Structure formats: C-alpha cells, structure tokens
Amino acid sequence: MIFLAILFGTLTAGIGSVWVAAWLSFGVMSRYTQHMLSLAAGALLATSFMHLLPEAFASTVSPHDLFLTLLVGLVFFFLLDKAELWHHGHEHGGGHEHAHDHEDHHGHHGHSHHDHAAGGWAVLAGDSVHCFGDGILIASAFMADIRLGAMAALAVMAHEVPHHMGDLAVLRQAQGTRKAAVLKVSLAGAVTALGGALGYVLVESLRPALPFFLVMASSSFVYVALADLIPQLQKRLSARETAAQILWLAIGMGSVSLVGGWMHGL
C-alpha cells in the first residue's frame, strides 16, 4: 500500500510538474508566471516549517542534531547549486535567471547559440539526477506518514514547475518543437519514481534515520524557496504588484495548511 502511494506520489510530482510547466509556459497561464512563483514559494516554506520539520522534531533525535542537519543541508544545496548540478549543469548564464527564460519565446537566453544541443542534454542529465533525489525525499516522507508523503509530493511538484519551465525554454530552443521538449522533460520527471522505489527499499532499513531525511527534504525546499523563487520576486514593483505577490504567497501557504487539515480529517 505504501509502495503504491509512493509510486503514485512520485509520478504525480515528477511528470505532473512537467505538464503544469508546459501549460504555464505555452498555454493560457503564461502571463501569470509571477503569481505561480509566489504560490510555489509559499507552499514550499509552509510544507517545510509546518509539516516536515515538526514531524522530524517529534522524534527522539536531539534538536541540536536536527538543526545541524538543516544547516548542513542548506549549505549542501547551495554548493550543489554552485556546481549547477542541482539545477541543470548546463552553460546557461548562472542558473537562477533561467526559470524566467520562457517569457522570451524567441530564445534570447544570454548564452551563445553553439551550445544549444549540448545544453539540452545537460539540462536532461541534471534534471534526472534532481528528480531521482526528489523521489527519495518523497519516499522518506511517505514512510513517516502517508499524509506527510502526499504533502511532500505536492511541495516537490510546486518547486519543480519553475525549474521545468526553464528546461522547456532551453530544450525548445535546442530541439525546436514544443512536443519534443515536453516529452524529454517528462522522461526526466519519470525518474522521480525510480528514486521513490529506491527510497522505499532503503528507508525501510534506515528507519532510525527518517527524521534526518525529513530535515534534508526541508532544507531542499527552504533553499529553493529562498534562493531561487524569492529573488525572482524581489524586483522593484508597484504597491499593487507587491500586494498581489504577498496575496499569492499567502495562498501558497494557506493551501498547504488546508491540505494538511483535510488530510488529518481522513
């Protein structure tokens, strides 16, 4: 039962996020990208601070060790970011601005045009590694509590959407067609299920370490929200635009709380 839940959760997060990204990039929602980023940041922060961390701290592990894990996790994801592996590992001008590249459909991506094909494959390789890690994190949350697993799957989905939007922009430029780009990123997203399966096998034997897995998942979400999403929202905006941002951030946090409350009622 848990294994089926993990499989469903990882596939929903892995492939569902690609389809949502495609809908946002190419479909009717493309003008609302900024709102979606605010929503994703709110959802990630709320999942980490209101669900994953409290679950980890309810264990018998000392708070000192868990806070140390959180600190190490944040530094670790920062260093992975620096290596550009966590994001994509492609030569794409620093990594952070790419989540918005899709806004320019004609592809002035700020990097030379000779590396499009190579960049496309590097995006997929980096994405597959990232999705595999996501799968393990989702599996460990499911092993702790099925409701927690569902929330982690939703949070992973939220944080993958802006990344996949960047991927689709790069791949569409490299490969030329939307359909090919969506298919390739979907395949990378499917790797999340492989990570989930491995997580299920490993976490069962590593049950005492579960609180540490949950804290690592939290550090991943907090890092992505604060380092990736929030900076993109920190541009100078009018009072009205700022109010809209805060509203969407609150909706992201509120939706996580609502889902949490609904799941506790199950």
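Everything quoted here is computed from the prediction, not taken from an experiment. (Residues numbered from 1 in each chain as written. Predicted model: local features only at pLDDT ≥ 70, side-chain atom pairs only at ≥ 80, totals over all residues. Heavy atoms only, no water.)

## Some points on the overall build of the chain
Argument step 1. Per the secondary structure count, the chain includes eight helices and zero strands.
Argument step 2. Listed by position from the N terminus, the elements making up the chain come as α-α-α-α-α-α-α-α.
Argument step 3. Among the 266 residues that make up the chain, the fraction classed as buried is 51%.
Argument step 4. Taking all contacts inside the chain whose residues are at least 6 apart in sequence as the whole, residues at least 24 apart take part in 84%.
Argument step 5. Here the chain displays about 12100 Å² of accessible surface, and carbon together with sulfur accounts for 72% of that area. (Helix = DSSP H or I, 4+ residues; strand = E, 2+ residues; numbered from the N terminus. Buried < 20%, exposed > 50% of the residue type's maximum accessible area, 1.4 Å probe, protein only. Contact = heavy atoms within 4.5 Å. Areas by Shrake-Rupley, 256 points an atom, 1.4 Å probe, with all protein chains shown as cover.)

## Section: helix α6 (residues 178-205)
Argument step 1. Over its 28 residues, α6 extends 42 Å from the first C-alpha to the last, a length consistent with the 40 Å expected when each residue adds 1.5 Å.
Argument step 2. Bending of α6 peaks at approximately 25° at the position of glycine 199. (Expected span 1.5 Å × (residues − 1). Bend = angle between axes of the 7 residues up to and from the residue.)

## Notes on helix α3 (residues 63-82)
Argument step 1. In this model, α3 (20 residues) spans 29 Å end to end at C-alpha, consistent with the 28 Å of a helix rising 1.5 Å per residue.
Argument step 2. Among all positions of α3, only Leu66, Thr69, Leu70, Gly73, Phe77, Leu80 and Asp81 are buried. Considered in projection along α3, the buried side chains sweep an arc of 100° and stay on one side of the axis. Every exposed residue of α3 that faces more than 90 degrees away from the buried side is listed here: His64, Phe67, Leu71, Leu79 and Lys82. (Arc of directions from axis to C-beta.)

## Focus: the nonpolar core
Argument step 1. One finds Leu44, Leu52, Ile138, Leu214, Val215, Phe221 and Leu229 to be the most contacted residues of the largest nonpolar core, which totals 43 residues.
Argument step 2. Of all the secondary-structure elements, those providing two or more residues to this core are α1 (2-26), α2 (33-57), α3, α4 (116-144), α5 (146-175) and α7 (210-233).
Argument step 3. Ranked by residue count, the leading element in this core is α7, at eleven residues.
Argument step 4. Excluding its chain neighbours within four sequence positions, the residues that come into contact with leucine 52 are Thr47, Ala141, Leu148, Leu214, Ala217, Ser218 and Phe221. (Core = buried A, V, L, I, M, F, W, Y, C linked by side-chain atoms within 4.5 Å.)

## Observations concerning the pattern of salt bridges
Argument step 1. Per the stated rule, a full pass over the model turns up one salt bridge.
Argument step 2. A salt bridge links aspartate 145 to arginine 147; its shortest N-O distance comes to 3.4 Å. (Salt bridge = Lys/Arg side-chain N within 4 Å of Asp/Glu carboxyl O.)

## Notes on the packing of aromatic side chains
Argument step 1. Taken as a whole and assessed by the stated rule, the structure comprises three aromatic pairs.
Argument step 2. When the ring of phenylalanine 57 is compared with that of phenylalanine 67, the centres are 4.9 Å apart and the planes differ by 50°; the resulting orientation is tilted. Note that phenylalanine 57 is positioned in helix α2 and phenylalanine 67 in helix α3, a separation of ten residues in sequence.
Argument step 3. For phenylalanine 67, a relative accessible area of 51% translates into the label exposed. (Phe/Tyr/Trp six-rings, centres within 6.5 Å; stacked < 30°, edge-to-face > 60°.)

## Considering the confidence of the model for the chain
It should be kept in mind that the predicted coordinates are not to be read in detail where pLDDT is low.
Argument step 1. When pLDDT is averaged along the chain, the result is 77, and 79% of the positions lie at 70 or above.
Argument step 2. In the model, residues 88-114 has pLDDT below 50 throughout and makes 57 contacts with residues more than four positions away in sequence or in other chains. (pLDDT = per-residue confidence, 0-100.)

## Looking at a nonpolar patch on the surface
Argument step 1. Residues Leu68, Leu71, Val72, Val75, Phe78 and Leu79 make up a contiguous nonpolar surface patch of about 540 Å² in total accessible area.
Argument step 2. Tracing the chain through its elements places leucine 71 in helix α3. (Patch = residues over 30% accessible without salt bridge, like charges linked within 9 Å, V, L, I, M, F, W, Y side chains within 5 Å.)

## A look at the side chain of serine 17
Argument step 1. With respect to the secondary-structure elements, serine 17 resides in helix α1.
Argument step 2. Assessed through its relative accessible area of 0%, serine 17 is described here as buried.
Argument step 3. Engagement of the side chain of serine 17 in a polar contact is seen with the backbone oxygen of alanine 13, the distance being 2.6 Å.
Argument step 4. At 3.1 Å, the side chain of serine 17 forms a polar contact with the backbone oxygen of glycine 14. (Polar contact = N/O pair within 3.5 Å; in protein donor to acceptor, adjacent residues only side chain to side chain.)

## Looking at the packing of α1 against α6
Argument step 1. Where α1 meets α6, the axes come as close as 8 Å, and the angle between the chain directions of the two elements is 160°. One element, α1, and the other, α6, form an angle in the roughly antiparallel class. Crossing geometry of α1 relative to α6 is assigned as right-handed. Contacts between α1 and α6 involve Ile2, Phe3, Ile6, Leu7, Thr10, Leu11, Gly14, Ile15, Val18, Trp19, Ala22 and Phe26 from the former and Arg178, Val182, Val185, Ser186, Gly189, Ala190, Thr192, Ala193, Gly196, Ala197 and Tyr200 from the latter. (Axes fitted to C-alpha atoms, helices over the stretch in contact; angles between N-to-C directions. Parallel < 35°, antiparallel > 145°, perpendicular 65-115°, else oblique. Left-handed = near helix turned anticlockwise from the far one by under 90°.)

## Some points on the environment of glutamine 234
Argument step 1. The topology assignment puts glutamine 234 in the loop between α7 and α8 (239-264).
Argument step 2. Distance from glutamine 234 to glutamine 245, taken between C-alpha atoms, is 9.8 Å for residues eleven residues apart in sequence.

## Brief notes about the side chain of serine 186
Argument step 1. Mapped onto the secondary structure, serine 186 falls in helix α6.
Argument step 2. Here the side chain of serine 186 touches valine 182 through a polar contact of 2.8 Å, landing on its backbone oxygen.
Argument step 3. In this view, serine 186 contacts Ile15, Val18 and Trp19; residues no more than four positions away in its chain are not counted.

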